[in-house]
Amino acid sequence: FEEELVRRLPGTCRLRVRFDDHHAYGAAEIRRLVEAGRREGVACWYTTEKDAVKLAELWPREPDLVTVALELAWWDGAELPDRVEERLRGGRSAV
């Protein structure tokens, strides 16, 4: 999944940083990320909508922080209500 996302983002991925879900970002941590990005020639950073909200007050004016909207899709075209109904019936779906 992650590699697919990176292939679909515009530009070249120079640096990837991963944090645990619900990570509490700090100002010093953001400064270190931005500096690491500068050393690697990062023109902008990508983040999810959820983390963009948390980063809004901490992120500097440059480099740009680009928000990526994530979409959940199953390979067989099913939708979430189909998956919920299947689970309620006791079926097993490969998600």
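My aim in this report is to walk through the structure given alongside it, one point at a time. Starting afresh in each chain, residues are numbered from 1 along the sequence in its written order. Reporting in this predicted model follows two pLDDT cut-offs: at least 70 for local features of residues, and 80 or more for side-chain atom pairs to be given and counted; totals over whole chains, interfaces and linings ignore these cut-offs and use all residues. Values reported for side chains reflect all heavy atoms of the structure, with hydrogen atoms and water molecules removed beforehand.

1. Quick word on unusual backbone geometry
In most cases, non-glycine residues show a negative phi, while peptide bonds are predominantly trans.
Then, number 1: Pro63 follows Glu62 through a cis peptide bond whose omega is 0 degrees.
Then, number 2: Along the polypeptide, Pro63 turns up in the loop between helix H3 (49-55) and strand S2 (64-68).
Then, number 3: Unlike most non-glycine residues, His22 shows phi in positive territory, near 65 degrees.
Then, number 4: Secondary structure elements are taken from DSSP: a helix is a run of H or I of four residues or more, a strand is a run of E of two residues or more, and numbering for both begins at the N terminus. Examined against the element boundaries, His22 turns out to sit in the loop between helix H1 (2-8) and helix H2 (27-40).

2. Here's the deal with the pattern of salt bridges
Then, number 1: For this document, the term salt bridge refers to a Lys or Arg side-chain nitrogen within 4 Å of an Asp or Glu carboxyl oxygen. For the coordinates displayed, the defined rule picks out six salt bridges.
Then, number 2: A salt bridge links Arg38 to Glu35; its shortest N-O distance comes to 3.8 Å. One end of the pair is Arg38 and the other is Glu35, both in helix H2 and three residues apart, which spans about a single turn.
Then, number 3: Whether a residue is buried, partly exposed or exposed follows from its accessible area with a 1.4 Å probe, protein chains only, as a fraction of its type maximum: under 20%, in between, or over 50%, in that order. Judged by its relative accessible area of 35%, Glu35 falls in the partly exposed class.
Then, number 4: The shortest N-O distance in the salt bridge between Asp51 and Lys54 comes to 3.3 Å. One end of the pair, Asp51, and the other, Lys54, are both in helix H3, three residues apart, so they sit about a helical turn from each other.

3. Observations regarding a nonpolar patch on the surface
Then, number 1: Patches were defined on residues exceeding 30% relative accessible area and lacking a salt bridge, with like-charge contacts within 9 Å and nonpolar side-chain contacts (Val, Leu, Ile, Met, Phe, Trp, Tyr) within 5 Å. Values of accessible area rely on a 1.4 Å probe in the Shrake-Rupley scheme; residue burial ignores everything except the protein chains shown. A cluster of nonpolar side chains, contributed by Leu80, Val84 and Leu88, occupies part of the molecular surface with about 320 Å² of accessible area.
Then, number 2: As for its position among the elements, Val84 is in helix H4 (residues 80-88).
Then, number 3: Here Val84 falls in the partly exposed class, since its relative accessible area comes to 42%.

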